[in-house]
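A look at the structure
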Amino acid sequence: MKVLLSLLVSVLLITTPATAPTVDEPSLATLTNRVSKSIVPLTVFLSETDGLYCTAFSISESYGLYLTTYHCLESEGRRAIRWEIEGHPAYPVQGFIGDQQYLFPNQNVETDLAVLVSSFKRPALLLGSVPHVEDKIVFAGYAGGHTRHLQINEGTVMQPTRTFIGDWRTEQLITRAIFTMGSPHSVRGGNSGGPILTAQGKVISMIAGTTILHGTSVGCGVLYGFIARIMANLPA
């Protein structure tokens with residue numbers, strides 16, 4: 001009997017799968033406190049009296065570089081006359097930074113990225129690894145209007161999808177990163193340009209809008225590869 005019990009225990013020990021190590025995820029409040037200094041409201045002036053609001057986030061504190069969506073730099077073909085981050089002037093980056101050539105802002109609807117530079121500097125967010133379907137994410141941005149405040153919501157990564165999203169220039173079929181939202185109103189005007197982050201607060205995408213997928217409102221983001229192309233090659 002003792003031998004039988006001993007053999008049974010041995011079998012259980014061999015066949016019981018090892019528990020994978022877990023990575024502690026900060027609470028939403030902790031994560032908000034960690035990333036909020038890196039995410040800034042962007043004011044885009046189309047004229048001296050007319051403008052729109054977006055979001056940007058720091059990608060290089062030493063150089064004062066911020067990433068946002070290209071569609072925040074103009075509206076319906078109207079080019080902005082100036083941009084401000086927290087009341088400080090900001091300027092689109094074109095040409096060379098260090099050893100890397102950046103041609104942003106650009107006219108590529110699918111990329112939809114622009115880099116701004118400002119003397120106003122904030123701690124930079126870091127690039128995360130390639131996202132996977134069903135990964136937990138948080139997305140952050142400033143809702144439109146003069147009384148804006150930073151909103152951070154939770155969601156889940158879905159399969160990237162080619163979809164019509166009612167782009168500001170054209171309604172052509174483009175590929176977007178897709179993520180679930182807590183409610184249909186989690187992404188609103190002014191959120192464009194806000195980062196989509198891992199549960200640890202690293203950048204994997206950027207808010208570009210919303211769309212309807214299978215009858216449900218979902219968030220749209222710029223694909224990870226376009227984000228990584230910039231963030232992984234920043235000057236030291």
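Numbers given to residues run from 1 along each chain, matching the order in which its sequence is written. pLDDT decides what is reported in this predicted model: residues at 70 or higher carry local features, side-chain atom pairs at 80 or more are listed and counted, and totals for whole chains, interfaces and linings draw on all residues regardless. Each side-chain value is derived from all of the structure's non-hydrogen atoms; neither hydrogens nor water enter the calculation.

This next bit is on the packing of aromatic side chains. Two numbers describe a pair of aromatic rings. These are the distance of the centres and the angle of the planes. Classification of ring pairs uses Phe, Tyr and Trp, with its six-membered ring standing for Trp, and accepts pairs whose centres are within 6.5 Å; under 30 degrees between planes counts as stacked, over 60 as edge-to-face, and the remaining range as tilted. For the structure on display, the rule yields 1 aromatic pair. Plain terms: the ring middles of F139 and F179 are 4.9 Å apart, the flat faces sit at 50 degrees to each other, and that makes the pair tilted. Separated by 40 residues along the polypeptide, F139 in strand β11 (residues 136-142) and F179 in strand β13 (residues 174-179) bring together distant segments of the chain. With a 1.4 Å probe rolled over the protein chains alone, any residue whose accessible area is under 20% of its type maximum counts as buried; one over 50% counts as exposed, and the rest are partly exposed. Accessibility expressed as a relative area gives 2% for F179, which makes it buried. Sitting over a ring, as applied to charges here, requires NZ of Lys or CZ of Arg to be within 6 Å of the ring centre and within 35 degrees of the ring normal. We note R82 situated over the ring of F45; from NZ or CZ to the ring centre the distance is 3.9 Å. Secondary structure elements are taken from DSSP: a helix is a run of H or I of four residues or more, a strand is a run of E of two residues or more, and numbering for both begins at the N terminus.

Once that is clear, we can look at the pattern of salt bridges. We count a salt bridge whenever a side-chain nitrogen from Lys or Arg sits within 4 Å of a carboxyl oxygen from Asp or Glu. In the structure shown here, the tally under the stated rule is 4 salt bridges. Where R82 meets E84, a salt bridge forms, and the shortest distance between an N and an O atom there is 3.7 Å. What you see here is one network of salt bridges that share partners, running through E48, R82 and E84.

Right, let's get into the sheet that holds strand β7 (residues 88-92). Pairing in this closed barrel of 6 strands is antiparallel, and the strands run β1-β2-β3-β10-β7-β6 around the ring. Across the sheet, the axes of successive neighbouring strands diverge by a mean angle of 40 degrees, strand direction being ignored. Pairing between strand β6 (residues 82-85) and β7: 3 bridges, direction antiparallel. Note on β7: the bridge partner recorded for W83 is A90. Here, residues are in contact when the closest pair of their heavy atoms is within 4.5 Å. Lines fitted to C-alpha atoms define the axes here, with helix axes fitted over just the stretch in contact, and angles between the N-to-C directions of these axes take values from 0 to 180 degrees. Strands in contact with helix α3 (residues 224-231) are β2 (51-60), β3 (65-68) and β10 (114-118); relative to β2, the strand with the most contacts, it is inclined by about 60 degrees. Pairing between strands is defined by DSSP: at least two bridges between them are needed.

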